[in-house]
Amino acid sequence: MTMKLFKTLLPAAALVALPAMGMAQEAAAPTMDEVGPYIFTTLLFLMAGFLVFFMAAGFAMLEAGLVRSKNVAMQLTKNIALFSIAAIMYWLIGFNTMYPGDFNGFFALGGQTVLDAVGVAPEDAALDYASVGSDFFFQLVFVAATASIVSGAVAERIKLWPFLAFVVVLTGIMYPISGSWKWGGGWLDAMGFSDFAGSTVVHSVGGWAALAGVIILGPRLGKYGKDGKVNPIPGSNLALATLGTFILWLGWFGFNGGSQLAMGTVGDVSDVSRIFANTNMAAAAGAVTALILTQLLYKKVDLTMVLNGALAGLVSITAEPLAPTLFGALWIGGIGGVIVVFAVPFLDKLKIDDVVGAIPVHLFAGIWGTIAVIFYGEANLITQLIGIAAYGAFTFVGAMILWTILKATVGIRVSEEEEINGLDMAELGMEAYPEFSKG
Amino acid sequence: MTMKLFKTLLPAAALVALPAMGMAQEAAAPTMDEVGPYIFTTLLFLMAGFLVFFMAAGFAMLEAGLVRSKNVAMQLTKNIALFSIAAIMYWLIGFNTMYPGDFNGFFALGGQTVLDAVGVAPEDAALDYASVGSDFFFQLVFVAATASIVSGAVAERIKLWPFLAFVVVLTGIMYPISGSWKWGGGWLDAMGFSDFAGSTVVHSVGGWAALAGVIILGPRLGKYGKDGKVNPIPGSNLALATLGTFILWLGWFGFNGGSQLAMGTVGDVSDVSRIFANTNMAAAAGAVTALILTQLLYKKVDLTMVLNGALAGLVSITAEPLAPTLFGALWIGGIGGVIVVFAVPFLDKLKIDDVVGAIPVHLFAGIWGTIAVIFYGEANLITQLIGIAAYGAFTFVGAMILWTILKATVGIRVSEEEEINGLDMAELGMEAYPEFSKG
Amino acid sequence: MTMKLFKTLLPAAALVALPAMGMAQEAAAPTMDEVGPYIFTTLLFLMAGFLVFFMAAGFAMLEAGLVRSKNVAMQLTKNIALFSIAAIMYWLIGFNTMYPGDFNGFFALGGQTVLDAVGVAPEDAALDYASVGSDFFFQLVFVAATASIVSGAVAERIKLWPFLAFVVVLTGIMYPISGSWKWGGGWLDAMGFSDFAGSTVVHSVGGWAALAGVIILGPRLGKYGKDGKVNPIPGSNLALATLGTFILWLGWFGFNGGSQLAMGTVGDVSDVSRIFANTNMAAAAGAVTALILTQLLYKKVDLTMVLNGALAGLVSITAEPLAPTLFGALWIGGIGGVIVVFAVPFLDKLKIDDVVGAIPVHLFAGIWGTIAVIFYGEANLITQLIGIAAYGAFTFVGAMILWTILKATVGIRVSEEEEINGLDMAELGMEAYPEFSKG
């Protein structure tokens, strides 16, 4: 059909359908009905993508605030480096390994990401989805979150380069492979496993990798006394930690909202809205729960618990931020807060030294969130547990092997003297706050 | 009408109206002409909403930077807690109390917010407006701003839990009731009172509640000498305070821009653009005015005044960010800056100890902004003054009663010893910067 | 044509074209095909604009983190003041000087910016572009970046008011004039000079102005020993510097993405996506390159180099963020990182004391990025070099004259004693961190 022919036959209707106000329009120019959804969804990915990108700053500030000042520069270095490495690895092989198209459901090694051509024509674009660039960008910023989770847990004693080597494998290979099982349309997706925005695919994967690292590394010097006493090691800057938490909360609107993967219809944009509202509610509930619980248990509110409570609420709602009512988001997120308050001392009892609380927040609340899907979403418990176990087994075992190899070859832990003096001077030769004397 | 019938009768026209490029389309799928405005406006609420959400971080950083380091952790705790409580209370009763639909114009108690169904069909959606979830989210982040204003003023001597109790009532009941008078279509709206984005409805309400709190609490120890001398108590971290100001400025684009409540037409999106430009200009003018004035008055520029000058400019333009020209925004915002520079020492003269300058910025500039509407918008002075007085009387009296009850029952102020040692150790048992020794 | 007439003649077609779901529609209401692109592009400017706005906070944090604590309050003051001044000057004359419409290609003095009318009708709007307000806002936030670049280089010894006087001229006159040569459709644009988002127009212009300032000012006391030794002067807060870098990286998605200047077609929104992906890749590559290079050269990773590496990657891709493949972005950005690592010590050898590394990042990488266009974009080397030279000559000479005049009249440098005591106490009478004792 050409516009010209149509004009001849039905001039009045053509006037309605055509731009009447001075825009030159070529024959067969696509209409907004045809391309509007593509533009909206691409825009969703760009907007959600920059929000999730900013979570890199959130993790950096959270972790910089929760380590001692002698390790702050190192923590900052790790965070900007891991994001950058993730960006390169995910382009090189990660993205197409995670989204291989038709594959055996378990593994297909992908090649470099190729973007749409400049000024791609509508007939060459995926009009029922979004531009490749926006999709790649959106998925890319997710993988960095996984690596950031590890970074926080293993802080204050790990060497820089072995950590970065781990990040190369995690972001380029491990995360993309296991990610393909669900989001790439692999075997767990076929089985009906449900994980909307990644309580398991992203957060618990980061948590398992972190847990393996923390076990292989061992606790920080002086964290656990010989008498079984747990020595608190307070973070150096709770203002930064709070800022980091707020930035993560902000980024989570993109994390969960963008995972709707569509914004061009009434139903889709309304769903994105539901997700925003639910995500916010779960975070609020996690924070309030931790606030009240720490008051009841310890007679004093613990700010770091409140921060981690909010984050645990966010992780908890991530597997299913769409289907629950606001009340559902409230109690799902609230339980996330409960988990954090009890899991942090529990890990300490096991002498598992997770500096920032990444394992309670991302692994435990991630598991909880994945289970909670059964209450509102379309999922059954067995399948959810199979998915949780599969991601856990693959990531934990893979990470254990990788950490062990790194430990046996290059070594992963700084010397006692370096740990005492701080990683900043030992590994970087600089301090984050050189002018502020230590108390 | 069904698409099918139409196709039979007028095939050529149908081809124009239908997507021609390979998208499966069900019969009677709505066109972009029908649903585009809904999608755009919902998107506006989501985008503006996450910007305003981030203001929670802005307030937290501003306040954490302007209190002494011994009270920083407490200030951070209050900020994340108040946002979380506001989110829950506004869902529970606030939103529907503020937007009750048809009501007596003064008060109607609302119930829980219920979102649109998942994947809501166009015929069930408010196509002339936006999704419930996006609207709820956008309104929700406003109420938290009100509570943040109070938090800054009463800092450094208020107990945590009584403050949070106040927040429960403010965000769940007081703000929604008075908000319904204007934005819910109540009596002040009927009278023609004009307040586009909340110079009065949000900012002066927060300011009145803060003023009541500060009066009931009394000034910090040592702030006012017996000889009438005002002792400056400098903030501990002006970098954070500046960061907070920039974040608030950023968030204000959402605060004012989103209040257009529509983005799906040429006129609406252009109006949002006007609002962005005007909002930015007013902030700039407020900052420059404070910069110049403090140089002239004190022979030295005062950074905290410049920060508060920018914020006062923002509050000033909030009642009418659309109608003024850029020059209008310049002088309206500039007067906001003047107000701050003179109001801060004026309050000190009255021994009203507002830690962060919240009352000058939000109450005084809020009143000014509400009056300034008469120069560009459609409003008359008398109506504006009635509105200002009504919000002032209701909020100030209500807050005085509430603060007084809290004082008489649980007490609202920490002991002298706790205040001297800092609220962080007294109420939380932790420090924000444990490693940095105090000068 | 009226809708009414049309309805009478062709009722069935009218039913297709008209909203069928309860939206009142006036006669001749424009269709989404007519206005959709305008709305999308305006939205692009608003979204990209607030991202670029936030770069003001990024620069402020980066610079506050890289100066000594005794100069932090001053650096913060300069940053919020320069943004505010830029906003006013760009409205007063800058915007219309930069975009004068038809002009001689070299210079036309513009007047105040006038926004679209409130609720502008489609027939009065630039339907093939975007709203004036959004365009103005987007362009405005660019000019502030230029001034921020200068601010960082001349830190720790320049007086406040002479610096601000320089900003008035730079943002109101110099930047807009030279900007008109390319982006205003002037002589360099006619010649085919290519600079998509401002490697030269924004970044190297800032860099040249900074270079002139640094030369006229001379180095900080104690930076260069008499024996040729370079004394490192570490920044006071690397957490803030890292935060600033992440904020700038975030803002760059708007900086480059918004420079597509259109989002209403499949090709345009996909191009914006390419730009996001490429921009991210270049930053990552710059950071990783600096990470590896500093390890190889100095046996220790240098965090500030990594931060500046990321920024140099961003500047490098800014002249052509669209045309390169992701691999192109990788190597172009990576060379940016190389430039920084070698340029910083090179400048020190010349005793050019650039406090934050602004000249390597913005000038050198800006030149590199402008040259790199020839590998992917439509540009030839000679034209690119002419452009680089023209901007360099105009800005450097203009800035030298301006700095010299300021030096000869009001003086631009604080006294030795003031420099030693810090600009905060000398010029502001306040400290950024008054409670933290200096080590």
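Model, not experiment: these values are computed from the prediction.

Asks: So what exactly am I meant to see when it comes to the overall build of chain A here?
Replies: Across its full length, chain A holds 16 helices and zero strands. Over its C-alpha trace chain A gives a radius of gyration of 24 Å, about what one expects of a compact globule, namely 22 Å for 439 residues. A principal-axis box enclosing the C-alpha atoms of chain A has dimensions of 90 × 45 × 45 Å. Counting every position in chain A, which comprises 439 residues, the buried fraction comes to 69%. Pairs at least 24 apart in sequence give 79% of the contacts found in chain A among residues at least 6 apart. A distance of 14 Å separates the average location of the 20 positive side-chain charges in chain A from that of its 30 negative side-chain charges.

Asks: Please clarify how empty space enclosed by the protein should be interpreted in this entry.
Replies: If a probe as big as a water molecule is rolled over the atoms, it shows which places are left empty. Tallied over the full model, the rule gives eleven cavities of 30 Å³ or more. One number sums up the size of the second largest cavity: a volume of about 110 Å³. Contributing to the lining of the second largest cavity are Phe50, Leu51, Phe54 and Leu250 of chain A, Phe50, Leu51, Phe54 and Leu250 of chain B together with Phe50, Leu51, Phe54 and Leu250 of chain C. Looking at the lining of the second largest cavity, the elements with two or more residues in it are α3 (32-66) of chain A, α3 (32-66) of chain B together with α3 (32-66) of chain C. When grouped by side-chain class, the residues that make up the lining of the second largest cavity number twelve nonpolar, no polar and no charged.

Asks: What is the right way to read the confidence of the model for chain A from this model?
Replies: Detailed reading of the predicted model is not advised wherever pLDDT is low. Residue and element names in this part refer to chain A. Here chain A shows a mean pLDDT of 93. Residues at 70 or above account for 93%. Of the regions scoring below 50 in pLDDT, residues 1-27 engages in 41 contacts with residues more than four places distant in sequence or in other chains. Here the predicted complex scores 0.94 on pTM and 0.94 on ipTM.

Asks: What's the story with the relation of the copies chain C and chain A in this structure? I'm lost.
Replies: To go from the first copy of the chain to the second, apply a rotation about an axis and then a shift along the same axis. Rotating chain C by 120 degrees and moving it 0.0 Å along the rotation axis overlays it on chain A with an RMSD of 0.0 Å. Taken together, these values place the two copies in the relation of a three-fold axis.

Asks: Sorry, what's going on with the interface of chain A and chain B here?
Replies: Reports often express the size of an interface as the amount of accessible area lost when the parts come together. With 79 residues of chain A at the contact, the number on the chain B side is 78 residues. Both sides together, the interface formed by chain A and chain B hides about 6,100 Å², and carbon and sulfur atoms give 80% of it. Contact with chain B buries area across many residues of chain A, yet Asp33, Phe246 and Val266 of chain A alone supply 11% of it, more than any other trio. Run the count over chain A and chain B and you get zero salt bridges. Run the count over chain A and chain B and you get ten residue pairs in polar contact (both at pLDDT 80 or more). Each residue belonging to the side of chain A that touches chain B can be placed in one class, and the counts come to 50 nonpolar, 19 polar and ten charged.

Asks: Would you take a moment to explain the interface of chain C and chain A for this structure?
Replies: Taken residue by residue, the interface counts 79 residues in chain C and 78 residues in chain A. Of all residues in chain C, Asp33, Phe246 and Val266 of chain C bury the most surface against chain A, accounting for 12% of the area lost on that side. Across the chain C-chain A interface, the total number found is zero salt bridges. Across the chain C-chain A interface, the total number found is ten residue pairs in polar contact (both at pLDDT 80 or more). Per element, the largest residue contribution to the side of chain C that touches chain A is 20 residues, and it comes from helix α10 (residues 266-298) of chain C. Its residues placed into classes, the side of chain C that touches chain A shows 50 nonpolar, 19 polar and ten charged.

Asks: What is the right way to look at the packing of aromatic side chains in this model?
Replies: When we look at a pair of aromatic rings, we describe it by the centre distance and by the angle of the planes. According to the stated counting rule, one finds 111 aromatic pairs over all chains in the structure shown. Measuring from ring centre to ring centre gives 5.1 Å for Phe53 of chain C and Phe83 of chain C, while their planes differ by 85 degrees; the resulting arrangement is edge-to-face. Of this pair, Phe53 of chain C sits in helix α3 while Phe83 of chain C sits in helix α4 (residues 72-98), and the two are 30 residues apart along the sequence. Accessibility expressed as a relative area gives 0% for Phe53 of chain C, which makes it buried. According to the relative accessible area criterion, Phe83 of chain C is buried, its value standing at 2%. Aromatic pair Trp181 of chain C and Phe394 of chain C: ring centres 5.0 Å apart, planes at 65 degrees, arrangement edge-to-face. In this pair, Trp181 of chain C sits in helix α6 (residues 160-182) while Phe394 of chain C sits in helix α14 (residues 381-409), placing the two residues 213 residues apart along the sequence. Here Trp181 of chain C falls in the buried class, since its relative accessible area comes to 8%. The partly exposed category is assigned to Phe394 of chain C, whose relative accessible area is 27%. A connected cluster of aromatic rings, assembled from ring pairs, spans Phe45, Tyr129, Phe138, Phe142, Trp183, Trp252 and Phe255 of chain A.

Asks: What's the story with helix α10 (residues 266-298) of chain A in this structure? I'm lost.
Replies: Each α-helix winds once per 3.6 residues, and so residues spaced three or four apart point in a common direction. Residue and element names in this part refer to chain A. The terminal C-alpha atoms of α10, which comprises 33 residues, lie 48 Å apart, in line with the 48 Å expected from a rise of 1.5 Å per residue. For α10, a buried count of 28 out of 33 residues is recorded, marking the element as mostly surrounded by other parts of the structure. Just downstream of α10, Lys299 is the residue with a positive phi angle, here 65 degrees.

Asks: Before we go on, may I ask you to explain helix α13 (residues 358-376) of chain A in this structure?
Replies: Compared with the 27 Å implied by 1.5 Å per residue over 19 residues, the 26 Å span of α13 of chain A between its first and last C-alpha is a close match. Where α13 of chain A bends most, the angle comes to about 30 degrees, and this point is Ala365 of chain A.

Asks: Quick question: what am I supposed to make of the pattern of salt bridges here?
Replies: Where charged atoms from two side chains of opposite charge approach closely, those side chains can pair. Residue and element names in this part refer to chain B. Scanning all chains against the criterion turns up 15 salt bridges over all chains. For the salt bridge of Glu156 with Arg68, the shortest nitrogen-to-oxygen distance reads 3.2 Å. Here Glu156 is found in the loop between α5 (132-153) and α6 (160-182), whereas its partner Arg68 is found in the loop between α3 and α4 (72-98), with 88 residues between them in sequence. Like Glu156, the residue Arg68 is buried in the burial classification. For the salt bridge of Arg220 with Asp353, the shortest nitrogen-to-oxygen distance reads 2.8 Å. One end of the pair, Arg220, is in the loop between α8 (199-217) and α9 (238-257); the other, Asp353, is in the loop between α12 (326-349) and α13 (358-376), with 133 residues separating them in the sequence. Asp353 gets classed as buried once you look at its relative accessible area, which sits at 1%.

Asks: So what exactly am I meant to see when it comes to the packing of α3 of chain C against α4 of chain C here?
Replies: Packed helix pairs are characterised by how far apart their axes lie and by the angle those axes make with each other. Residue and element names in this part refer to chain C. Remark: α3 packs on α4, axes separated minimally by 9 Å, with the N-to-C direction vectors making an angle of 160 degrees. As far as their axial angle goes, α4 and α3 are roughly antiparallel. Handedness of the crossing formed by α3 with α4: right-handed. Of the residues in α4, those in contact with Phe53, Ala56, Phe59, Ala60, Met61, Glu63 and Ala64 of α3 are Val72, Gln75, Leu76, Asn79 and Phe83. A breakdown of the residues in the contact of α3 with α4 according to their chemical character gives nine nonpolar, two polar and one charged.

Asks: Would you mind showing me how to read the side chain of Ser151 of chain C here?
Replies: Residue position: Ser151 of chain C is located in helix α5 (residues 132-153). Sequence-distant contacts of Ser151 of chain C, defined by excluding residues within four places in its chain, comprise Glu63, Gln75, Lys78, Asn79, Leu82 and Phe163 of chain C.

Asks: Looking at this structure, I do not really get the side chain of Gln384 of chain C. What am I missing?
Replies: In this structure, Gln384 of chain C sits in helix α14. When residues no more than four places from it in sequence are discounted, the contact partners of Gln384 of chain C are Gly192, Phe193, Ser194, Thr370, Val373, Ile374 and Ala379 of chain C.

Asks: When you look at the environment of Val141 of chain A in this model, what are you seeing that I'm missing?
Replies: Relative to the assigned elements, Val141 of chain A resides in helix α5 (residues 132-153). For the pair formed by Val141 of chain A and Asn104 of chain A, sequence separation is 37 residues and the distance between their alpha carbons is 26 Å.

Conventions used here
Residues numbered from 1 in each chain as written. Chains lettered and ligands numbered in written order. Predicted model: local features only at pLDDT ≥ 70, side-chain atom pairs only at ≥ 80, totals over all residues. Heavy atoms only, no water. Helix = DSSP H or I, 4+ residues; strand = E, 2+ residues; numbered from the N terminus. Rg over C-alpha atoms; globule rule 2.2 N^0.38 Å. Buried < 20%, exposed > 50% of the residue type's maximum accessible area, 1.4 Å probe, protein only. Contact = heavy atoms within 4.5 Å. Lys, Arg positive; Asp, Glu negative; His and termini not counted. Charge placed at Lys NZ, Arg CZ, Asp CG, Glu CD. 1 Å grid on protein atoms, 1.4 Å probe; cavity = no way out; pocket = protein on both sides within 12 Å on 5 of 7 lines; lining within 4 Å. Points joined across faces, edges and corners; volume = space filled by probe spheres on them. Nonpolar A, V, L, I, M, F, W, Y, C, P; charged D, E, K, R; others polar. pLDDT = per-residue confidence, 0-100. Least-squares fit on C-alpha atoms with pLDDT ≥ 70 in both. Buried area = accessible area lost by both parts, 1.4 Å probe. Salt bridge = Lys/Arg side-chain N within 4 Å of Asp/Glu carboxyl O. Polar contact = N/O pair within 3.5 Å; in protein donor to acceptor, adjacent residues only side chain to side chain. Phe/Tyr/Trp six-rings, centres within 6.5 Å; stacked < 30°, edge-to-face > 60°. Expected span 1.5 Å × (residues − 1). Bend = angle between axes of the 7 residues up to and from the residue. Axes fitted to C-alpha atoms, helices over the stretch in contact; angles between N-to-C directions. Parallel < 35°, antiparallel > 145°, perpendicular 65-115°, else oblique. Left-handed = near helix turned anticlockwise from the far one by under 90°.

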